[in-house]
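# Overview (structure and organization)
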Amino acid sequence: MIALLLRDIRLAMRAGGGFGLGLAFFLIVCTLVPFAIGPQPDLLARVAPGVLWLGALLACLLSLDRMLALDWEDGSLDLLATAPLPLEAVVLIKALAHWLTTGLPLVLAAPVLGVLLNLPVEGYGWLVLSLAVGTPALSIIGGFGAALTVGLKRGGLLLSLLVLPLYVPTLIFGAELARRGAEAQPTTTPLLMLAGITAGCLALLPLASAAALRVNLR
Amino acid sequence: MSLWDYANPKKFLTTSEKVMPALWVVSIAGMVIGLVWGFFFTPDDFRQGSTVKIIYLHVPSALMAINAWLMMLVASLIWIVRRHHVSALAARAAAPVGVTMTLIALVTGAIWGQPMWGTWWAWDPRLTSFLILFLFYLGYIALWEAIEDPDTAADLTSVLCLVGSVFAILSRYAVNFWNQGLHQGSSVFRAAAVAGTDTEEKVSNIFFAPLLVCMISFALFFIVLVLYRTGTEIRARRARALMARERAQA
Amino acid sequence: MTGLSISDLAVLRGGVPVLEGISFTLEPGQAVILRGPNGIGKTTLLRTIAGLQPPLAGTVSGAEDRIAYAAHADGIKPTLSVTENLTFWASVFGGQDIAPAIAAFRLEALAQRPAGALSAGQKRRLGLARMLVTGRPIWLFDEPTVSLDREAVGWFADAVRTHLAGGGMALLATHIDLGLDGQVLDLAPFKAVLDHLDDFDEAFL
């Protein structure tokens, strides 16, 4: 299992797309927002938590179709399916590798981009916490979408169409947590809900993803 | 004879063809009667005026939008557990009907919202949930369309339907938490319980009777559409299987 | 160690039965070579035995967690070196030593090269070397000698012979005579005969 995780991380780093692309995309989104809505500091401060969350979510989405499709094309998935590792573990590890190479850098970069968007001081800790708790769910849900669309030639767009509605609860609670944190309001409920969603996804979605993958492998 | 006998495509086709003509007549007649009754033979509401009458389209279609998804969920479960092809095809057949119902509910809601709330669209929890439901339908239909092999498509869409249902419920709660809205509560069935008291939040008896007719005939209309479309899907599937055999024999 | 036994197997491709009534057993030390024209269903049969797709009828016993499958695609990552590729598969399958595999396919000189820089035949050698590091007793090969030169075919045959001598088993779909003494199974007689369709049956087959 560790071997698979290490291989995926190594591949993401060597291929050059993993770390860099998602981060650059996140930066560009956060740069474009003030152009679109205007530079007023108070307006930016108000939308900052939501924009940062949305940017992180879209950046996560960007690399989802590579999560399983590359292994599908070169036949690695067939071989992994006959390996001692259960497919549930394979998809979970792949989601974890995706999070480590995409989600985690976004979490770490978010405070820097928060400065650009004039995020209030109280908000930084909550922003990082909300992203740290929420982005693993994005990777796992994305893994489910990738498993559904892995056999399709142009699965990328369909993948977005399938995954984005599933992102709604995570986005709502994550952005709400960051917003409440920035406005110094009570944060317990959204934090617990967000953590609950991530825990639920972690426990249950790999079963569905592995089922979808088995269907696609036949 | 058990219910599962209808899972045989041939049995399903012969039986559904027998009941469909009557269902077409009853459901369409019911809709015409219910809508005409509702639109022209009920008094205007003292507060909402004639705008309230859109309820005769809005509530039944909203009801069927949700029930269609529930039916797809049940059909998907039956496919996963018992592998009856008719069940998977019925789920496929129901989705476009469900998405149309959702669209009608959204549009009539917007038309109703304009005079009532002064806006075509508000990010009210109920409206938002329906919009999300609409997106789920789109994804489900797109997945069916994208996959070549029918059994693979049936399996994957069933898994999506299951997971999607869980996330749809989660979204409903999340949206409620996110914005407590303008929309009136589900007033229809409370009205049935407290019949005759024409307080402002409840739908009173005089409005309720034609609404009930509309809801029942919408449900029947949904059933007959799904039966009809399932029949079409079965024949298309059959034609596909025959062509695949020809290729295999050649 | 027990063998692999296939009894009355029928397999599907794209929802249509392609082969039926296949029965054979593979005892330790034996090889079976599958023959048959293109499109008869050799790949489908191998995938079914590998457990990647369910059979229409019949049983495969003795395959669970004991097979290693070499498909058309090699499962090689172009950005990883030859050693890294092999080490990865070795650790997924339980940590065998990769040195014998590298030696068997004469990959020593290429060991540090990124797999993306290998020729088609060298990639194939790497893909086949992967079978050695799995430590699995039953090897399934789907056209293993594609793009191999004559010398490399000899190395491959040697590797399989060594595996068989050690009590392993091999099932090969190939048209090349490898000089292996195994039974040859011609699949042509097992082509599925589709019964006449007059009943509107449940399975749409």
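Each remark here, short or long, concerns the structure printed above.
A brief look at the structure comes next. If you're wondering where the values come from, they're calculated on a predicted model, not measured in any experiment. (Residues numbered from 1 in each chain as written. Chains lettered and ligands numbered in written order. Predicted model: local features only at pLDDT ≥ 70, side-chain atom pairs only at ≥ 80, totals over all residues. Heavy atoms only, no water.)

## Section: the overall build of chain A
- Along chain A, the regular secondary structure elements total 10 helices and zero strands.
- N-terminal to C-terminal, the α/β element order of chain A is α-α-α-α-α-α-α-α-α-α.
- For 218 residues, the compact-globule formula gives about 17 Å, and the C-alpha radius of gyration of chain A, at 18 Å, lands near that figure.
- Here chain A holds 218 residues, and the buried ones make up 59% of them.
- Put simply, 81% of the contacts in chain A that link residues at least 6 apart link residues at least 24 apart.
- Looking at chain A as shown, the accessible area adds up to about 8,500 Å², and 72% of this sits on carbon and sulfur atoms.
- Taken as two groups, the 12 positive and 11 negative side-chain charges of chain A have centres that lie 5 Å from each other. (Helix = DSSP H or I, 4+ residues; strand = E, 2+ residues; numbered from the N terminus. Rg over C-alpha atoms; globule rule 2.2 N^0.38 Å. Buried < 20%, exposed > 50% of the residue type's maximum accessible area, 1.4 Å probe, protein only. Contact = heavy atoms within 4.5 Å. Areas by Shrake-Rupley, 256 points an atom, 1.4 Å probe, with all protein chains shown as cover. Lys, Arg positive; Asp, Glu negative; His and termini not counted. Charge placed at Lys NZ, Arg CZ, Asp CG, Glu CD.)

## Things to note about the interface of chain B and chain A
- Facing the 25 residues of chain B at the interface are 25 residues of chain A.
- Between chain B and chain A lies a buried interface of about 2,100 Å² when both sides are counted; carbon and sulfur atoms form 86% of it.
- A per-residue breakdown of the area chain B buries against chain A is headed by L156, F167 and F177 of chain B, which together make up 29% of the total.
- With a shortest N-O distance of 2.8 Å, R218 of chain A and D155 of chain B are connected by a salt bridge.
- Between the two partners, chain B and chain A, sit one residue pair in polar contact (both at pLDDT 80 or more). (Buried area = accessible area lost by both parts, 1.4 Å probe. Salt bridge = Lys/Arg side-chain N within 4 Å of Asp/Glu carboxyl O. Polar contact = N/O pair within 3.5 Å; in protein donor to acceptor, adjacent residues only side chain to side chain.)

## A look at the interface of chain C and chain A
- Listed by partner, the interface residues are 24 residues for chain C and 21 residues for chain A.
- The tally of links between chain C and chain A comes to three salt bridges.
- The partner of K77 of chain C in a salt bridge is D74 of chain A, and the shortest N-O contact between them spans 2.8 Å.
- One can count six residue pairs in polar contact (both at pLDDT 80 or more) joining chain C with chain A.
- At the level of secondary structure, the elements contributing two or more residues to the side of chain C that touches chain A comprise strand 5 (67-70) and helix 2 (82-92) of chain C.
- With five residues, the single largest contributor to the side of chain C that touches chain A is helix 2 of chain C.
- Residue composition of the side of chain C that touches chain A, by class: 12 nonpolar, five polar and seven charged. (Nonpolar A, V, L, I, M, F, W, Y, C, P; charged D, E, K, R; others polar.)

## Thoughts on the sheet that holds strand 2 (residues 16-26) of chain C
Residue and element names in this part refer to chain C.
- Taken together, the three strands give an open sheet; going across it, the order is 2-1-4, and neighbouring strands pair in antiparallel fashion. Since the sheet does not close on itself, it has two edges, and those belong to strand 2 and strand 4 (57-61), each with one partner. Adjacent strand axes in the sheet meet at a mean angle of 30°, parallel and antiparallel pairs treated alike.
- Of the pairings in the sheet, the one linking strand 1 (residues 4-13) to strand 2 comprises seven bridges and is antiparallel in character. Each bridged residue has a counterpart across the sheet, and for L9 the counterpart in strand 2 is I22.
- Each of strand 1, strand 2 and strand 4 is contacted by helix 1 (residues 42-49), which is oriented at about 125° to strand 1, the strand it contacts most. (Pairing = 2+ DSSP bridges. Axes fitted to C-alpha atoms, helices over the stretch in contact; angles between N-to-C directions.)

## Side note on the environment of I76 of chain C
- Among the secondary structure elements, I76 of chain C is positioned in the loop between strand 5 and helix 2.
- Counting along the chain gives 56 residues from I76 of chain C to L132 of chain C, while the straight-line C-alpha distance between them is 15 Å.

## What about the sheet that holds strand 7 (residues 169-173) of chain C?
Residues and elements named next belong to chain C.
- Judged by pairing direction, the sheet is parallel, and its five strands sit side by side in the order 5-6-7-3-8 without closing on themselves. Unpaired on one side and paired on the other, strand 5 and strand 8 (183-186) mark the two borders of the sheet. Here the average twist between neighbouring strands, direction ignored, is 15°.
- Sheet topology places strand 6 (residues 138-142) next to strand 7; five bridges connect them, and they run parallel. What sits directly across from W139, in strand 7, is A170.
- In the packing of helix 4 (residues 120-134) onto the sheet, the strands contacted are strand 5 and strand 6, and the crossing angle to strand 6 comes to about 165°.

## What to know about the environment of D181 of chain C
Residues and elements named next belong to chain C.
- Examined against the element boundaries, D181 turns out to sit in the loop between strand 7 and strand 8.
- The exposure class of D181 is exposed, given its relative accessible area of 72%.
- The spacing of D181 and A70 is 111 residues in sequence and 20 Å in space, taken between C-alpha atoms.

## Examining a nonpolar patch on the surface
Residue and element names in this part refer to chain B.
- A cluster of nonpolar side chains, contributed by I28, V32, I33, V36, W37, F40 and F41, occupies part of the molecular surface with about 710 Å² of accessible area.
- Counting through the fold element by element, F41 comes out in the loop between helix 1 (9-40) and helix 2 (55-82).
- F41 gets classed as exposed once you look at its relative accessible area, which sits at 60%. (Patch = residues over 30% accessible without salt bridge, like charges linked within 9 Å, V, L, I, M, F, W, Y side chains within 5 Å.)

## Looking at the packing of helix 3 (residues 41-62) of chain A against helix 7 (residues 123-149) of chain A
Residues and elements named next belong to chain A.
- The contact between helix 3 and helix 7 brings their axes to 11 Å, and the two run at 30°. One way to sum up the angle between helix 3 and helix 7 is to call them roughly parallel. The hand of the helix 3/helix 7 crossing is right-handed. Between helix 3 and helix 7, the contacting residues are L52, W53, A56, L57 and C60 on the first element and L127, S130, L131, G134, T135 and L138 on the second. (Parallel < 35°, antiparallel > 145°, perpendicular 65-115°, else oblique. Left-handed = near helix turned anticlockwise from the far one by under 90°.)

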